[in-house]
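Okay, here's what each chain looks like letter by letter:
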Amino acid sequence: MQALAQDSSITIRHNKEAWFQWPAHLYAGSKKTRTVAGLDQKSALVIRNSLDYHQALVKRDLKTIKFRTSDYLRYMHSNGWVETQEEQLQNIANDYLVYHSFREDSITISFHYYDLAAPTYKLSDTRVRYQYQLDFYATVDVTLKGKRNTYRLKVAEVWEAIPGGGGKGCHLICRKATRP
């Protein structure tokens, strides 16, 4: 599945050759609805959460950034620098890191799930834990320590449902950016 973004409009395209078939048990008790773009509602929600998070970085919306990131976040920049959630919030609040724009031009989403009741995990927990990986290219205009640059990046983000979030979407647990 792919979502392509140009400027402020987003077109989501369904790739019929997608290798993954959604496990039926994840839809137990719910409708298996498709969006107009061919993505299921959960995938579309993850993409929307990601795009909202990127714009929150630009707007310096610390409340949204905190809500859309895990307490255990590891945010790796293209220079190898890794930020935690707390460090990211501090760096944005004190202007150490200022995002001027964040533009995605393509998104590929893949779904992974872990059956914690499987013998390999040896846990008493019987939940199914699922994660979404978003791979995309982005053009990011950012100022770090007073020096402004625009980077073309290849980004991989891993998102999962907010625990106890009551259906409020997903949060970012890790991110890695590299220069293509």
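Definitions and limits used
- Residues numbered from 1 in each chain as written.
- Predicted model: local features only at pLDDT ≥ 70, side-chain atom pairs only at ≥ 80, totals over all residues.
- Heavy atoms only, no water.
- Phe/Tyr/Trp six-rings, centres within 6.5 Å; stacked < 30°, edge-to-face > 60°.
- Helix = DSSP H or I, 4+ residues; strand = E, 2+ residues; numbered from the N terminus.
- Buried < 20%, exposed > 50% of the residue type's maximum accessible area, 1.4 Å probe, protein only.
- 1 Å grid on protein atoms, 1.4 Å probe; cavity = no way out; pocket = protein on both sides within 12 Å on 5 of 7 lines; lining within 4 Å.
- Points joined across faces, edges and corners; volume = space filled by probe spheres on them.
- Nonpolar A, V, L, I, M, F, W, Y, C, P; charged D, E, K, R; others polar.
- Pairing = 2+ DSSP bridges.
- Contact = heavy atoms within 4.5 Å.
- Arc of directions from axis to C-beta.
- Expected span 1.5 Å × (residues − 1).
- Core = buried A, V, L, I, M, F, W, Y, C linked by side-chain atoms within 4.5 Å.
- Salt bridge = Lys/Arg side-chain N within 4 Å of Asp/Glu carboxyl O.

**Let's talk about the packing of aromatic side chains**
For step 1, the next point in the chain: Going through the model one piece at a time under the given rule, you end up with three aromatic pairs.
For step 2, the next point in the chain: Aromatic side chains Tyr-53 and Trp-159 sit 6.1 Å apart centroid to centroid with 80 degrees between the ring planes, which places their arrangement in the edge-to-face category. In this pair, Tyr-53 is assigned in helix α1 (residues 41-59) and Trp-159 in strand β7 (residues 147-161), connecting sequence segments 106 residues apart. Judged on exposure class, the residue Tyr-53 and its partner Trp-159 are both buried.
For step 3, the next point in the chain: Summarising the aromatic geometry, the rings of Phe-111 and Tyr-132 are spaced 5.2 Å apart at their centres and angled 65 degrees between planes, so their arrangement reads as edge-to-face. Pair noted here: Phe-111 is in strand β5 (residues 97-115) and Tyr-132 is in strand β6 (residues 128-144), with a separation of 21 residues, a long-range link. Pair check on accessibility: Phe-111 and Tyr-132 agree, each one buried.

**Details of the layout of surface pockets**
For step 1, the next point in the chain: As a volume, the second largest pocket reaches approximately 250 Å³.
For step 2, the next point in the chain: Along its surface, the second largest pocket is lined by 16 residues, and His-77, Ser-78, Val-142, Leu-144 and Tyr-151 are the ones closest to its centre.
For step 3, the next point in the chain: Listing elements by their share of the lining of the second largest pocket, those giving two or more residues are β5, β6, β7 and β8 (170-178).
For step 4, the next point in the chain: For the lining of the second largest pocket, the leading source of residues is β7, giving four residues.
For step 5, the next point in the chain: Considered class by class, the residues forming the lining of the second largest pocket number nine nonpolar, four polar and three charged.

**Regarding the pairing of strand β3 (residues 69-76)**
Every regular strand shows the same layout, with side chains that alternate between the two sheet faces.
For step 1, the next point in the chain: The pairing of β3 with β8 spans four bridges and is classified as parallel. Bridging across to β8, Tyr-75 finds its partner in Arg-175.
For step 2, the next point in the chain: Relative to strand β4 (residues 82-83), β3 runs antiparallel, the two sharing two bridges. By the bridge assignment, Tyr-75 is partnered in β4 with Glu-83.
For step 3, the next point in the chain: The loop that links β3 with its antiparallel partner β4 comprises five residues; one of these, Gly-80, has a positive phi angle of about 95 degrees.

**Overview of the environment of Gly-169**
For step 1, the next point in the chain: With respect to the secondary-structure elements, Gly-169 resides in the loop between β7 and β8.
For step 2, the next point in the chain: The spacing of Gly-169 and Val-46 is 123 residues in sequence and 6.9 Å in space, taken between C-alpha atoms.
For step 3, the next point in the chain: Excluding residues within four positions of it along the chain, Gly-169 makes contact with Leu-45, Asn-49, Arg-68, Ala-161 and Ile-162.

**Brief notes about helix α3 (residues 85-93)**
For step 1, the next point in the chain: Residues of α3 that are buried include every one of Gln-85, Gln-88, Leu-89, Asn-91 and Ile-92, and no others. Taken around the axis of α3, the buried residues stretch over an arc of 165 degrees, which confines them to a single face.
For step 2, the next point in the chain: In the stretch just after α3, Asp-95 is the one whose phi turns positive, near 65 degrees.

**A few points about α1**
For step 1, the next point in the chain: The end-to-end C-alpha separation of α1 is 26 Å, in line with the 27 Å expected for 19 residues at 1.5 Å each.
For step 2, the next point in the chain: Among the residues making up α1, those that are buried are Ser-43, Ala-44, Val-46, Ile-47, Asn-49, Ser-50, Leu-51, Tyr-53, His-54, Ala-56 and Leu-57.

**Observations concerning the nonpolar core**
For step 1, the next point in the chain: The biggest cluster of nonpolar side chains holds 30 residues, and the ones touching the most others in it are Leu-57, Tyr-75, Tyr-99, Phe-102 and Leu-134.
For step 2, the next point in the chain: Of all the secondary structure elements, the ones that give two or more residues to this core are α1, β3, α3, β5, β6, β7 and β8.
For step 3, the next point in the chain: Setting aside its immediate chain neighbours within four residues, Phe-102 contacts His-54, Gln-55, Leu-57, Val-58, Tyr-75, Phe-136, Ala-138, Thr-139, Val-140 and Arg-175.

**Digging into the pattern of salt bridges**
For step 1, the next point in the chain: Within the structure shown, the criterion is met by four salt bridges.
For step 2, the next point in the chain: Asp-95 is paired through a salt bridge with Arg-60; the nearest N and O atoms lie 2.3 Å apart. You can see Asp-95 sitting in the loop between α3 and β5 and its partner Arg-60 sitting in the loop between α1 and α2 (62-67), a full 35 residues away along the chain.
For step 3, the next point in the chain: When its relative accessible area of 42% is taken as the criterion, Asp-95 is described as partly exposed.

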